[in-house]
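Here's the letter readout for the chains.
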Amino acid sequence: MASASQSLSSYSTYATTSKSRLQSLYSDATRQKHSNPSSYHAHVDWWQRALEELVSRGWQAENPSPRKGKESEGDEQALCSRSNKLVLDARRSLVDRLRYDGVGKPLGMAHTIAELRHTNALISLPAFLSSSVSVYDPGWLPYRIASFLVGRPLWWAMEQLDLVKSEDSYSEAEMWKRVQGDYVMLKLVERAADVVDSFRGGMSLADSLYTVESFRKEFGSKVLPGVTISEMDTEVLLKYLERDRQILVRDKDVIKFIAADREKEVTVIDRGILELKTAVGNLQSQVNAIQGKIDEMTSRISTALSRQQKSIALAHLRHKKGLEEILTKRLSALQNLESTLMNVETAAGNIEIMQAYEKSAVTLQTILNHPSLERTKIDETMDALAAANATAREVDDAIRIGGDMAAAEAGIDDTDLEDELRELVMEVERETGKAEEHAALEQLLDINAPEQTPVGPGATQPVAEQ
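Below you will find a few notes about this structure. (Residues numbered from 1 in each chain as written. Predicted model: local features only at pLDDT ≥ 70, side-chain atom pairs only at ≥ 80, totals over all residues. Heavy atoms only, no water.)

## Observations regarding the sheet that holds strand β5 (residues 248-251)
How we decide: Strand pairing is defined by DSSP finding a minimum of two bridges between the two strands. Helix numbering and strand numbering both begin at the N terminus, where a helix is a DSSP run of H or I of at least 4 residues and a strand a DSSP run of E of at least 2. Geometry is summarised by axes, namely lines fitted to C-alpha atoms with helices restricted to the contacting stretch, and by angles between N-to-C directions that run from 0 to 180 degrees.
Ordered by their spatial adjacency, 3 strands build an open sheet running β4-β6-β5, and the pairing between neighbours is antiparallel. Strands at the two margins of the open sheet, each flanked by one partner only, are β4 (209-211) and β5. The sheet shows a mean angle of 25° between the axes of neighbouring strands, taken without regard to direction. Pairing geometry for β4 and strand β6 (residues 254-257), over 3 bridges, is antiparallel. Opposite Y210, over in β6, you have I255 as the bridge partner.

This is the structure:
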C-alpha cells in the first residue's frame, strides 16, 4: 500500500496546493480566529474541502483507523465497500493518517473539527440519525432570541469570572475528548441526494418501491463517482431524503418514493407489490446464475473433447442438460411473476386514476356550488351586463351626434374643405416641378460652359476651330 503522503498527493486538494501553503495549513490557526478572521476562515474552508474529497473518494479505506485493525490485502476491496463515504471518522488517529512528508502532522485539527461542527458542515452521526427535526431548521424563534439576548451575554460573563472555559481556551488534547466521534458530512450527503433525486422522474409504482438492500444495490455506486457507499452511508442518505428532502417515506425495511399522485405513506398494496418485485429480482438472479453455469459447462465440454476425455465430456453434458431443464422452469416462473407484477401494478394504477377522478369531481362540484354560479345570479349578471352595454352605446351616440351638431353650427362644409385641400396639393406639386426644372438647368449649364483661360500680356489666345 502506498505511503500516506503518496496517497494524499493523488487528491486534487493537495495536488493543487504548494508545499509552503500546506505548511501554513498544517499549522495551528486557532489564535487567528479573532486576530485574523479572514485567514482563519480560509484555513477552515480548505480543510473542509480536503476532508470532503478524501472521505468521498474512499480515502478512509486506504488509511483505516487503528481501532478498526489492519485488513489483509485480499480484504481491501471489501473494506473499501464497507468504509464510509459520507461519514468522517474523526479521532486523534486522523492526525497521524494525515501526515505529509516534508510538512508533518496537522496541528489544531480538533479545533478545526469543532469549527466545522459549529457551521453544520459536520453533524454528529448519532444526532443526525435520531433527530426528527430537519438540519436546516433554525429552531424555535423565541428560543433563538432568548439565547442571543440572554444566553450569550450570560455565558460571556461566566467566562470572564472563570466559572466556565471558552472553547478557544481548551488544549488540543482536551478538545479531542470533546469532539472525537463519527460525523456526517452535510455537503456530501446533499450531493448524493441530488443524484438520487435526478432518477425520480417517470418512476412507475413498482420502480418507486425498494428495500434498504435493493436501494443500496440500485443507487450505491451512482451517488458518488468511482465508489460504492457503505451500509451506514445508506442509512444516512435515506434519513436525509426522508426528513430533509421529503421525497420518500420509509416504514422499517420498505422505502417508497413520493409522487404527487400517490399516497404519502406505505400501504398494504405497496408491500405486496414490493414482495412481487423482490421475488422477480431474486428469480432473475437465479436465472443469470444458472445461465452462467451452463456456459461454464459448455466450456468444460469443449476442453474435455479437445483432450479426448469423452467420459468427462459426457458427465459435463449430463450436468448441462439438467441445468437447462431447471433454467426452462425458472424462466417460465419468471414470466408468470413478471406478468402478475404488471397486472397488479396496472390495477393499482387504475385505483390511483379513479381516486384522481373522484377528487376532480369533488373539486368541480365545489366550484359549481359557488353562489356566483347559481342560475338566478347568472341571469342577473347577464341582464346587468346587457344594460351596461346599452348605456355605453347611448353615451357614444350622444357624443357623436353632439360633435356633428357643433361642426354644423360652425359653418364648416366638408365640400369646401376638400376643395381647399385639393388646391394645396396642386400648389405643392407646382413648386416641386419648378425646383426640379431649375436643378436640371443648372446641371446643363455646368456641362456646356467652356473653360476660361486668363488673358494677360504675352499670353497666346487660343485659336478658334475652323
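Right, picking up where we left off after that structure.
## Quick word on unusual backbone geometry
What you tend to see is this: most non-glycine residues have negative phi, and most peptide bonds are trans. Defined as follows: Only protein chains enter the accessibility calculation, which uses a 1.4 Å probe; a residue whose area is less than 20% of its type maximum is buried, one above 50% is exposed, and one in between is partly exposed.
One non-glycine residue, N120, lies in the positive phi region at around 70°. With respect to the element layout, N120 can be found in the loop between α9 (109-118) and β2 (122-124). Classification of N120 by relative accessible area gives partly exposed; the value is 31%. A positive phi angle, near 60°, is found at K252, a position not held by glycine. The exposed category is assigned to K252, whose relative accessible area is 71%.

## Points about the nonpolar core
For clarity, the cut-off: Grouping buried Ala, Val, Leu, Ile, Met, Phe, Trp, Tyr and Cys residues that are joined through side-chain atoms within 4.5 Å yields what is termed a nonpolar core. Between two residues, a contact is recorded if the distance between any of their heavy atoms is within 4.5 Å.
With 67 residues, the main nonpolar core has Y14, W47, L98, I113, F215 and L237 as its most contacted residues. Top contributing element to this core by residue count: helix α5 (residues 37-56), with 8 residues. Ignoring any residue separated from it by four or fewer positions in sequence, one finds L237 in contact with L86, V189, A192, A193, V196, F215, V223 and I229. With 21 residues, the next largest nonpolar core counts L209, L283, V287 and A348 among its residues.

In short, geometric facts, not functional conclusions.
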